[in-house]
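# Residue-level structure breakdown
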Amino acid sequence: MAGHWRHSRQRQNTLKPHMHAHAFEICYVADGTADWWVEDRVYQVRRGQFYVTKPGELHGGVDSAVMPRELYWLQVAFPANDAFPGLTAAESRAVEHSLRSITTAAFDAFSDPSPVYMRVLAAMQQPSAFSSVALRTAAHELLLRVVEAIPGDTVASMTHSHSAHVKRAMQWMDEHVGDEYDVDDVAAACDLAASHLHRIFSRDAGMTIGDYRTRARVAAAKEKLRNEDLSITSIALDLGFSSSQYFATVFKNATGMTPRQYRGWSGEADPLARSAEYVD
């Protein structure tokens, strides 16, 4: 299975808890961000990142609403006692082993794989005498791109295309999530002019510095709401919001829930227990 999903408005989350019994699912976020969980870990997947789930892993969307985004996905199953089409048995086992070795579901792609996904979709949707060849070729290229991008690959890390300054800016904002600061402060921490940082940040991250700051605060708020017994007002003030009312407005715009509703949702019985309905 493969697909392409793009929407420009906030909409209801339809990614309920589920698993793929025999397939890896390889998603790529081409624009926007996505808050997804896998087993007991929550990820904020941003523009330019792969998101990979393994066979049998329970996963789903965190919030009741999803923000505008564009994403691609492909489900790939490796034959238990045979080779993946177009690969030798040894090559198949090597690729499958690399995918199973992934320790973080979300990680950066080194280049935009959207055209490869589009070739997969075209081969599936427009059958021809060469569709199988085109599909195998595109699938091989996509698998290779994922394997090369898996964190810890020394050769891949040497060719990483994302800006080190942008990563430093994100790290600095994460470390100062509850502090008062402006773009000039972030730029100074990165030894850049504010205008230059603003330009490369928007290009590489797919959002403004202000957007990232808001998302970092909301992500920190989710963590506190799930794991700390603090009042909502205390959380709001700890994260630099001027009032609990403003915090609630920002939080609901980002997640589709109020902080109180989110705390109630995250305090329910383990949502993974509902997964049996969604096994495919």
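Before reading on, note that the structure itself is shown above.
A brief structural summary. (Residues numbered from 1 in each chain as written. Predicted model: local features only at pLDDT ≥ 70, side-chain atom pairs only at ≥ 80, totals over all residues. Heavy atoms only, no water.)

### Looking at the overall build of the chain
A tally of regular secondary structure across the chain gives 11 helices and 10 strands. When the 280 residues of the chain are sorted by exposure, 46% land in the buried category. Sequence-distant contacts, at least 24 apart, represent 71% of the contacts inside the chain between residues at least 6 apart. Summing over all exposed atoms, the chain offers an accessible surface of approximately 14100 Å²; the carbon and sulfur share of this is 53%. (Helix = DSSP H or I, 4+ residues; strand = E, 2+ residues; numbered from the N terminus. Buried < 20%, exposed > 50% of the residue type's maximum accessible area, 1.4 Å probe, protein only. Contact = heavy atoms within 4.5 Å. Areas by Shrake-Rupley, 256 points an atom, 1.4 Å probe, with all protein chains shown as cover.)

### Considering the sheet that holds strand E7 (residues 59–61)
Spatially, E5-E4-E7 is the arrangement adopted by the 3 strands of the open sheet, whose pairing is antiparallel. Both outer strands of the open sheet, strand E5 (41–46) and E7, are each paired with one neighbouring strand and no more. Strand after strand, the sheet turns through a mean of 30 degrees between neighbouring axes, direction not considered. Inspection of the sheet shows strand E4 (residues 33–38) paired to E7 by 3 bridges, in the antiparallel sense. Looking at E7, one finds that Trp37 is bridged to Gly60. (Pairing = 2+ DSSP bridges. Axes fitted to C-alpha atoms, helices over the stretch in contact; angles between N-to-C directions.)

### A short note on the pairing of strand E3 (residues 24–31)
Looking along a regular strand, one sees the side chains alternate between the two faces of the sheet. With 7 of its 8 residues buried, E3 lies for the most part within the structure. Direction of pairing for E3 relative to strand E9 (residues 69–76): antiparallel, over a ladder of 7 bridges. Residue pairing in the sheet places Glu25 in a bridge with Gln75 of E9. Sheet topology places E3 next to strand E6 (residues 49–53); 5 bridges connect them, and they run antiparallel. Bridged to Val29 within E6 is Gln49.

### Side note on the packing of helix H5 (residues 164–175) against helix H7 (residues 194–205)
For the pair H5 and H7, interaxial distance at closest approach is 9 Å and the crossing angle is 95 degrees. Relative to H7, H5 is oriented roughly perpendicular. Between H5 and H7, the contacting residues are His165, Val166, Ala169, Met170 and Met173 on the first element and Leu197, Ile200, Phe201, Asp204 and Ala205 on the second. Considered class by class, the residues forming the contact of H5 with H7 number 8 nonpolar, 1 polar and 1 charged. (Parallel < 35°, antiparallel > 145°, perpendicular 65-115°, else oblique. Nonpolar A, V, L, I, M, F, W, Y, C, P; charged D, E, K, R; others polar.)

### Some points on the pattern of salt bridges
Summed over the entire model, instances satisfying the criterion amount to 11 salt bridges. Asp35 is paired through a salt bridge with Lys222; the nearest N and O atoms lie 2.3 Å apart. Of this pair, Asp35 sits in strand E4 while Lys222 sits in helix H8 (residues 209–227), and the two are 187 residues apart along the sequence. For Asp35, a relative accessible area of 18% translates into the label buried. Of the charged contacts in the structure, one is a salt bridge between Glu180 and Arg213, with a shortest N-O distance of 3.8 Å. Of this pair, Glu180 sits in the loop between H5 and helix H6 (183–189) while Arg213 is found in helix H8, placing the two residues 33 residues apart along the sequence. Residue class for Glu180 comes out exposed when judged on its relative accessible area of 62%. (Salt bridge = Lys/Arg side-chain N within 4 Å of Asp/Glu carboxyl O.)

### Here's the deal with the sheet that holds E9
The strand order E1-E9-E3-E6-E10 describes an open sheet built from 5 strands, whose pairing is antiparallel. Each having just a single partner strand, strand E1 (2–7) and strand E10 (106–108) make up the two edges of the open sheet. For this sheet the average axis-to-axis angle between neighbouring strands, irrespective of direction, equals 20 degrees.

### A look at the packing of aromatic side chains
What the rule picks out here adds up to 11 aromatic pairs. A centroid spacing of 4.5 Å and a plane angle of 45 degrees characterise the contact between Trp36 and Tyr51, whose relative ring orientation is tilted. Here Tyr51 lies in strand E6 and Trp36 lies in strand E4, a separation of 15 residues in the sequence. Residue class for Trp36 comes out buried when judged on its relative accessible area of 5%. Plain terms: the ring middles of Phe50 and Phe107 are 6.0 Å apart, the flat faces sit at 50 degrees to each other, and that makes the pair tilted. Here Phe50, found in strand E6, pairs with Phe107, found in strand E10; they are 57 residues apart in sequence, far enough to count as distant. (Phe/Tyr/Trp six-rings, centres within 6.5 Å; stacked < 30°, edge-to-face > 60°.)

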